[in-house]
Amino acid sequence: MRLIFALFKFYRMFNKRVKIRELLAQEPTGQEVTVMGWVRSFRNNQFIALNDGSTNNNIQVVAELGKFDDTLLKRITLSASFKVKGTIVPSLGKGQKMDLNAATIEVLGDSDAEKYPIQLRNRPTLEYLREVAHFRFRTNTFGSIFRIRHSLAFAIHKFFNDKGFVYLHTPIITASDAEGAGEMFRVTTLPFDEEKNKTPRNEDGTIDFKEDFFGRPTNLTVSGQLEGELGATALGDIYTFGPTFRAENSNTTRHLAEFWMIEPEMAFYDLEDNMNLAEEFIKYIIQYAITNNRDDLEFLAQRLAEEEKQLPQDKRSDMGLIEKLEFVLNNNFERITYTEAIDILRESNHNKKKKFQYPITGWGMDLQSEHERYLVEKHFKKPVILSNYPREIKAFYMRQNEDGKTVAAMDILAPGIGEIVGGSQREERLEKLEARMKEMHIPADELWWYLDTRKFGSVPHAGFGLGFERMVQFVTGMTNIRDVIAFPRTPKSAEF
RNA sequence: UCCUGCUUAGCUCAGUUGGUUAGAGCAUCUGACUGUUAAUCAGAGGGUCGCUGGUUCAAGUCCAGCAGCAGGAGCCA
């Protein structure tokens, strides 16, 4: 019995695939292993750099000269896939600590080098890689980005789970058109062939949505917040983490038509509790990535440093990527009110020299990107939490402050990214909420279910939304949001 | 949606004031070499100059329209 077990163990040792990340952490002691992966480079007709996606580091497979026939060697091309069995020994070369001396090399899938769109030595641009998004995963840059993206997503669930939050799945398809968070994508099964006039019509010529799948107009969600509040006012603390859709014609480095958002919503929280949670949350997930993705962050830090070398001096960052993240961890976010922000901006030399494209007209104005950037990047040089905005420039559901002018809103602004979190304490007083909805022409009858939370055991509560891709941008240092999501959806672009 | 810019070989880019046959590096292919490290060396093939129209004896180059992409703005996360 013991012999069978030993044989089995030996068999497994020799045949079970080991991930390259695990293998490289071991010491080379002549162990027999099987690895599988894709060819990154084939040097000297003898050395195969094999990568399996578990890390940017490759295992160097040594195919001893004369041991394998030419027809096999010809098939070792960029991105071809292989199963290699052999022995791990200390490397004779200088670039790596171990070699895999191949006993057998088995082709899993050929890769026609003439047609393969990415040549790693060519330094393909990020723009080009977006056009071959199905292959950009095979580059070091995107390998690192997507492993970090995964870590951040996992850390988010861990953070909230450890705090006893309930992960709530709010709907992707919503009937509510009243959230006011931007243009929506219509969801319908109605035919829209205008020529044949198949679209069902009412007598007055408008479209008859009673014939539609849900019997009413429906859209893709722009936010799970309102539904989230229903959960929070029963379960206590909830968070959502799902896709969100905005049909805005936005062409910027920080907008997507389909993106992922985290929206925690907490009963019995006030604005300050909300800010404390958001700051702790952001620091936690950054710390998680630093602890668990050191190699990938170092790779991206180097990539960013090289990219910035091409920029003029004044556009380069003061800190390296990892330095920047550690700085964020080790310092409190600056907390100021909107009113204080306006004062700072008004008194700034930048304003006095009339360098703002949009002048500081005074209290009540909406802050432009350039103003936010000035506060975060020039004045404080760290993340800033802005709170208590004028009620006129904020959403209907935000809690009205006693001054009658402001609401208990808070935005977190991050250097290089801008607004990364938007949140508020919610208006829990029915009369105040209804009055505000009336002023802002929000149809109360469509939101009867939302208002009910204020009629039956209403409680103070608060929440915020964090744009996941913007967070990934901040951690990876990628300047374009399209490079931190696997398959970006932007205006005129939905390939793959 | 607005403003600005870009579009030349598989990729990254040169291409002068409009002038004969549009170049380079890398990649690819062929050969050589063999402890390489983005391997190296030699040779070869590879182009509808984004699309449509215009100006001109002549357009990669000038003009207009369109498309796509990028950056900035707005909207926002």
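These numbers were taken from a predicted model, which means no experiment stands behind them.

Draft legend 1. View of the overall build of chain A. Each helix and strand in chain A was counted, giving 15 helices and 16 strands. The principal-axis extent of the C-alpha atoms belonging to chain A is close to 85 × 65 × 55 Å. Counting the 496 residues in chain A, one finds 49% classified as buried. Pairs at least 24 apart in sequence give 68% of the contacts found in chain A among residues at least 6 apart. Counting every atom, chain A has about 26,000 Å² of accessible surface; 51% of that belongs to carbon and sulfur. Charge-centre separation for chain A: the mean point of 66 positive side chains lies 6 Å from the mean point of 72 negative side chains.

Draft legend 2. Structural detail: the protein's contact with RNA strand B. Around RNA strand B, a shell composed of 53 residues is seen, among which Asn44, Arg121, Thr252, His255 and Arg470 lie nearest. In RNA strand B, the atoms that sit within 4 Å of the protein are 53% sugar and phosphate, with bases accounting for the remainder. The contact in question runs from a base nitrogen of RNA strand B to an N or O atom on the side chain of Asp99, over 2.7 Å. Between RNA strand B and the protein, one listed contact pairs a phosphate oxygen with a side-chain N or O atom of Asn249 at 2.5 Å. When residues of the surface near RNA strand B are traced back to their parent elements, those giving at least two are β1 (32–43), α4 (126–131), β11 (258–267), α12 (369–380), β15 (418–425) and β16 (461–467). Taken together, the residues that form the surface near RNA strand B break down as 13 nonpolar, 24 polar and 16 charged.

Draft legend 3. Here's a closer look at the sheet that holds strand β8 (residues 186–187). Strand order in the open sheet made by the 3 strands is β7-β9-β8, with antiparallel pairing throughout. One side of each edge strand has no neighbouring strand; the edge strands of this open sheet are β7 (173–174) and β8. Looking at chain direction, β8 and strand β9 (residues 218–220) are connected through 2 bridges and run antiparallel. Pairing of Arg186 across the sheet is with Asn219, part of β9.

Draft legend 4. Representation of a nonpolar patch on the surface. Together, Ile172, Ile173, Phe213 and Phe214 give the surface a local cluster of nonpolar side chains, amounting to about 390 Å² of exposed area. Summarising the element assignment, Phe214 is placed in the loop between β8 and β9.

Draft legend 5. Fine view of the sheet that holds β15. Judged by pairing direction, the sheet is mixed, and its 8 strands sit side by side in the order β6-β10-β11-β16-β15-β14-β13-β12 without closing on themselves. One side of each edge strand has no neighbouring strand; the edge strands of this open sheet are β6 (166–167) and β12 (334–337). Sheet topology note: the strand β10 (residues 237–245)/β11 ladder contains 9 bridges and is antiparallel. Note that in β11 the partner of Gly242 across the bridge is Met261. In the packing of helix α6 (residues 225–235) onto the sheet, contacts are made with β6, β10, β11 and β16, and the angle to β11 comes to roughly 30 degrees. The strands that α12 touches are β12, β13 (384–390), β14 (406–414) and β15; relative to β13, the one it contacts most, it runs at about 145 degrees.

Draft legend 6. Inspection of the confidence of the model for chain A at higher detail. The pLDDT averaged across chain A works out to 92; a share of 96% of its residues lies at or above 70. The spread of mean pLDDT over the elements of chain A runs between helix α1 (residues 2–15), the lowest at 65, and β6, the highest at 98. Predicted complex metrics record ipTM = 0.91 and pTM = 0.94.

Draft legend 7. Highlighting the pairing of β15. Here β15 lies mainly inside the structure; 6 of its 8 residues are buried. Note: β14 against β15, 6 bridges, orientation antiparallel. Each bridged residue has a counterpart across the sheet, and for Met410 the counterpart in β15 is Gly423. Between the antiparallel neighbours β14 and β15 lie 3 residues, among them Gly416 with a positive phi of about 85 degrees. Two strands pair when backbone bridges link them, and β15 and β16 are joined in this way by 5 bridges, in the antiparallel orientation. Bridge pairing links Ser424 to Gly463 in β16.

Draft legend 8. Up close: the nonpolar core. Grouped together as the largest cluster of nonpolar side chains are 66 residues, with contacts concentrated most on Phe281, Ile282 and Ile286. Here this core takes 11 residues from helix α7 (residues 271–292), the largest share from any one element. The residues touching Ile282, leaving out its near neighbours within four places in the chain, are Phe333, Ile412, Ile420, Val421, Leu466 and Met471. Ile344, Met365, Leu386 and Ala409 belong to the second-largest nonpolar core, a separate cluster that totals 31 residues.

Draft legend 9. Broad picture of the packing of aromatic side chains. Considering all chains together, one arrives at 23 aromatic pairs under this definition. Residues Phe160 and Tyr239 carry aromatic rings whose centres are separated by 4.5 Å and whose planes lie at 25 degrees to one another, so their mutual orientation is stacked. On the criterion of sequence distance, the pair formed by Phe160 in helix α5 (residues 140–162) and Tyr239 in strand β10 is long-range, its members being 79 residues apart. Like Phe160, the residue Tyr239 is buried in the burial classification. Look at Phe356 and Tyr374: their rings are 5.6 Å apart centre to centre, the planes differ by 80 degrees, and that puts the pair in the edge-to-face class. With Phe356 in the loop between α11 (349–352) and α12 and Tyr374 in helix α12, this residue pair connects regions lying 18 residues apart in the sequence. Here Tyr374 falls in the buried class, since its relative accessible area comes to 13%. Through a chain of ring-to-ring contacts, three or more aromatic side chains come together here, namely Phe159, Phe160, Phe165, Tyr167, Tyr239, Phe281, Tyr284 and Phe464.

Draft legend 10. How the structure looks around α12. Over its 12 residues, α12 runs 15 Å from end to end, which matches the ideal 16 Å to within 8%, given 1.5 Å per residue. Along α12, the positions that sit buried rather than exposed are Glu370, His371, Glu372, Tyr374, Leu375, Val376 and Phe380. Those residues of α12 hidden inside the fold are in contact with β12, α10 (338–347), α11, β13, β14 and β15. Just downstream of α12 lies Lys381, where phi reads positive at about 55 degrees.

About the cut-offs
- Residues numbered from 1 in each chain as written.
- Chains lettered and ligands numbered in written order.
- Predicted model: local features only at pLDDT ≥ 70, side-chain atom pairs only at ≥ 80, totals over all residues.
- Heavy atoms only, no water.
- Helix = DSSP H or I, 4+ residues; strand = E, 2+ residues; numbered from the N terminus.
- Buried < 20%, exposed > 50% of the residue type's maximum accessible area, 1.4 Å probe, protein only.
- Contact = heavy atoms within 4.5 Å.
- Areas by Shrake-Rupley, 256 points an atom, 1.4 Å probe, with all protein chains shown as cover.
- Lys, Arg positive; Asp, Glu negative; His and termini not counted.
- Charge placed at Lys NZ, Arg CZ, Asp CG, Glu CD.
- Near = heavy atom within 4 Å.
- Polar contact = N/O pair within 3.5 Å; in protein donor to acceptor, adjacent residues only side chain to side chain.
- Nonpolar A, V, L, I, M, F, W, Y, C, P; charged D, E, K, R; others polar.
- Pairing = 2+ DSSP bridges.
- Patch = residues over 30% accessible without salt bridge, like charges linked within 9 Å, V, L, I, M, F, W, Y side chains within 5 Å.
- Salt bridge = Lys/Arg side-chain N within 4 Å of Asp/Glu carboxyl O.
- Axes fitted to C-alpha atoms, helices over the stretch in contact; angles between N-to-C directions.
- pLDDT = per-residue confidence, 0-100.
- Core = buried A, V, L, I, M, F, W, Y, C linked by side-chain atoms within 4.5 Å.
- Phe/Tyr/Trp six-rings, centres within 6.5 Å; stacked < 30°, edge-to-face > 60°.
- Expected span 1.5 Å × (residues − 1).

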